[in-house]
Amino acid sequence: MFVAANWKMNLDKNSIFEFSKHLNNFKFSSKVEACIFPPMTYIDYLYNLIKNLPISVGGQNCHFKSSGAFTGEVSANFLKDTGCEYVLVGHSERRILNNENNAEIKSRAQTAINSNLKVILCVGERLTDREEGKALEYIEKQINDCLPNNFKNLIIAYEPIWAIGSNQTPSLGEIENVHGYIKKFFLKNYDVKNICVIYGGSVNLNNSKDIFKTKNVDGGLIGGASLKADDFKKIYDNLK
Ligand code: 13P
C-alpha cells in the first residue's frame, strides 16, 4: 500500500521542521510505502530532515527536457539529485492552471522515468464527464495519451477533478469501479498485472479507512488532510 502527501503550495520552512519532528513518532510499517511532495524549494531541506526515516520525498512536477534554456523550470535529474524518489505528473491543477496537455505530460513522465524517478501519473474526470456517463472513456484516453514506455516505476493516481478540495468523493463503489477499469486496461493492453492505483480527492480522517479498504484501491494521494502531521499519521495508520 502506498500513501502520499501532496502539500501543493503550502507549508514554509518552520512548518516543515515542525512536521518532521512528528514524523519521528510515526510507527512506520513495512507494508506501507510513503512519500511527501513538498514545495520544490524545500525538497532538499525536507530530504535532509527525514532521510533516515522510511518515507521518501518527491517533486510535484518536472520539466519534459533534462536541461536547457527553460527559465523557472525544474528537471527530473535535479529532483533525483536532491533526493527525490518520486515525481507527480499530470496533476489536474497543472493541467488546468498551467495548460499542460496529455502529450506534454507523457514527455514529463518519460523524462522522469529516464532519470530513474518513480512516476505518479494523475488522471481524473471533470464533473461534466461523469454526469454524461463518460468518466471511464475520459480517464482511459488520459492514460493512453500520457503513458511512458516503461511501467515498472509507474503508479496511477485516480483523482476526479470535482473531488479535489471539495469535501466530495465518489461512492466507494464508484472508486472500486474506476480503479478496476484502470487495472483491466493495463492487463488487457499491456499484460501488466500489478499496476498500483491510488485514490486522491478529499481523503480525510473520516473516510480514509473505508476508501483504503475498498477493492482495487492500493493507497491514497492526500492534499489538504496531509498538512497536519497528526492527521497524516492517522491516515497513514489506516493503511496498515
Ligand atoms: P485534497 O485531498 O485536498 O482534496 O487534494 C487532493 C489532491 O489534489 C492530491 O494531489
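Here the structure is shown first, and the text comes after it.
Since the model is a prediction, treat every value here as computed from it, not as a measurement.

Student: Teacher, can you tell me more about the overall build of the protein chain here?
Tutor: A tally of regular secondary structure across the protein chain gives ten helices and eight strands. Against the 2.2 N^0.38 benchmark of 18 Å for 240 residues, the protein chain shows a C-alpha radius of gyration of 17 Å, consistent with a compact globule. The dimensions of the protein chain, computed from C-alpha atoms along their principal axes, are 45 × 45 × 30 Å. Considering the protein chain as a whole, with its 240 residues, one finds that 50% of them fall into the buried category. By element, 47% of the accessible surface of the protein chain is carried by carbon and sulfur atoms, the whole surface being about 11500 Å². In the protein chain, which carries 29 positive and 26 negative side-chain charges, the distance between the mean positions of the two groups comes to 5 Å.

Student: So what exactly am I meant to see when it comes to the pairing of strand E2 (residues 33–37) here?
Tutor: For a regular strand, the rule is simple: side chains alternate between the two faces of the sheet. Of all five residues in E2, four are buried, a share of seventy percent or more. In terms of strand pairing, strand E1 (residues 2–6) meets E2 through five bridges, oriented parallel. By the bridge assignment for E2, alanine 5 is matched with isoleucine 36. Between the parallel pair E1 and E2, the chain is carried across by helix H1 (residues 13–23), and the sense of this crossover is right-handed. What joins E2 to strand E3 (residues 56–59) is helix H2 (residues 43–50), and the crossover it makes is right-handed.

Student: Got a minute to help me understand H2 in this structure?
Tutor: One turn of the α-helix equals 3.6 residues, which is why residues spaced by three or four share an orientation. Listed in full, the buried residues belonging to H2 are Ile43, Leu46 and Ile50. Buried residues in H2, looked at end-on, bunch into an arc of 70 degrees, giving them a common side. Lining the buried residues of H2 we find H1, E2, E3, helix H3 (76–81) and strand E4 (84–89).

Student: What am I meant to see in the sheet that holds strand E7 (residues 196–200) here?
Tutor: In any sheet, the strands associate via hydrogen bonds between backbone groups, in a parallel or an antiparallel arrangement. Pairing is parallel in the closed barrel, where eight strands are placed in the order E1-E2-E3-E4-E5-E6-E7-E8. Ignoring which end each strand starts from, the neighbouring axes of this sheet average 25 degrees apart. Strands E2, E3 and E4 of the sheet are contacted by H2, whose axis makes an angle of about 170 degrees with E3.

Student: In this structure, what is going on with the site of the ligand? I would like to understand it.
Tutor: Near the ligand you find Asn6, Lys8, His91, Glu159, Ala163, Ile164, Gly165, Gly201, Ser202, Leu221, Gly223 and Gly224, and these make up its full shell. Contact distances for the ligand include 2.9 Å between an oxygen atom and a side-chain N or O atom of glutamate 159. Here an oxygen atom of the ligand sits 2.7 Å away from a polar atom, N or O, in the main chain of glycine 165. Contact with the protein chains removes 94% of the 310 Å² of surface that the ligand exposes when unbound.

Student: Teacher, can you tell me more about the nonpolar core here?
Tutor: Nonpolar side chains in soluble globular proteins tend to end up buried together. Leu121, Ile156 and Phe186 are the most contacted members of the largest nonpolar core, which has 60 residues in total. Setting aside anything within four residues of it in sequence, one finds phenylalanine 186 in contact with Ile143, Leu147, Phe151, Leu154, Ile156, Asp191, Val192 and Ile195. Counting 13 residues, the second-largest nonpolar core is a separate cluster that includes Leu88, Ile120, Ala157 and Cys196.

Student: Before we go on, may I ask you to explain the environment of lysine 51 in this structure?
Tutor: Mapped onto the secondary structure, lysine 51 falls in the loop between H2 and E3. Along the primary structure lysine 51 and serine 67 are separated by 16 residues, whereas in three dimensions their C-alpha atoms are 26 Å apart. Polar contacts involving the side chain of lysine 51 include one to the side chain of asparagine 48, which spans 3.1 Å.

Student: What exactly am I supposed to notice about the packing of helix H5 (residues 102–114) against helix H7 (residues 135–146) here?
Tutor: Each pair of packed helices gets described by two things: the angle between the helix axes and the distance between those axes. The N-to-C vectors of H5 and H7 enclose an angle of 50 degrees; their axes lie 8 Å apart at closest approach. By the angle between their axes, H5 is oblique relative to H7. Where H5 approaches H7, its residues Asn102, Ile105, Lys106 and Ala109 are matched on the opposing element by Lys141, Gln142, Asp145 and Cys146. Among the residues making up the contact of H5 with H7, the classes are represented as three nonpolar, two polar and three charged.

Student: In this structure, what is going on with the pairing of E3? I would like to understand it.
Tutor: By the alternation rule, side chains of E3 split into Ser56 and Gly58 and Val57 and Gly59, which are all buried. One ladder, built from two bridges, connects E2 with E3; its direction is parallel. Looking at E3, one finds that isoleucine 36 is bridged to valine 57.

Student: For this particular structure, what's the right way to read the pattern of salt bridges?
Tutor: A pair can form between side chains of opposite charge whenever their charged atoms are brought close. Taken as a whole and judged by the stated rule, the model has 17 salt bridges. Among the salt bridges present, the one from arginine 126 reaches aspartate 129, with a minimum N-O distance of 2.8 Å. What makes aspartate 129 buried here is its relative accessible area of 5%. In this structure, a network of salt bridges that share partners links the residues Arg94, Glu100, Glu104 and Arg108.

Reading guide: rules and limits
Every residue gets a number counted from 1 within its own chain, in the order that chain's sequence is written. Reporting of local features is limited, given that this is a predicted model, to residues whose pLDDT is at least 70; pairs of side-chain atoms are given and counted only at 80 or more, and all residues count toward the totals for whole chains, interfaces and linings. Each side-chain value is derived from all of the structure's non-hydrogen atoms; neither hydrogens nor water enter the calculation. Each helix is a run of H or I in the DSSP string that is no shorter than four residues. Each strand is a run of E no shorter than two, and both are numbered from the N terminus. Only the C-alpha atoms count toward the radius of gyration. The rule for a globule is 2.2 Å times the residue count to the power 0.38. Burial classes follow relative accessibility: with a 1.4 Å probe on protein chains only, a residue under 20% of its type's maximum area counts as buried, one over 50% as exposed, and anything between as partly exposed. Values of accessible area rely on a 1.4 Å probe in the Shrake-Rupley scheme; residue burial ignores everything except the protein chains shown. We count Lys and Arg on the positive side and Asp and Glu on the negative side, and we leave His and both chain ends out. By convention, the charge on Lys lies at NZ, on Arg at CZ, on Asp at CG and on Glu at CD. Only strands joined by at least two bridges in the DSSP assignment are considered to pair. When the strands point away from the viewer, a crossover counts as right-handed if the route from the first strand across the helix to the second turns clockwise. By definition, the arc is the one covered by directions from the helix axis to the C-beta atoms. Whether two residues touch is decided by their heavy atoms; if any such pair falls within 4.5 Å, the residues are in contact. The axes are straight lines fitted to the C-alpha atoms, using for helices just the contacting stretch, and the angles between their N-to-C directions are given from 0 to 180°. We call a residue near a given molecule or strand whenever any one of its heavy atoms falls within 4 Å of it. Contacts described as polar in this section are N or O atom pairs within 3.5 Å, which, within protein, must combine one atom able to donate a hydrogen with one able to accept it, while residues neighboring in sequence count only if both atoms come from side chains. What is meant by a nonpolar core is a set of buried Ala, Val, Leu, Ile, Met, Phe, Trp, Tyr and Cys residues, joined one to another through side-chain atoms within 4.5 Å. Roughly parallel covers angles under 35 degrees, roughly antiparallel covers those over 145, roughly perpendicular covers 65 to 115, and oblique covers all other angles. We call Asp, Glu, Lys and Arg charged. Ala, Val, Leu, Ile, Met, Phe, Trp, Tyr, Cys and Pro are nonpolar, and the rest, Gly among them, are polar. Note on definitions: salt bridges are taken to be side-chain nitrogens of Lys or Arg within 4 Å of carboxyl oxygens of Asp or Glu.

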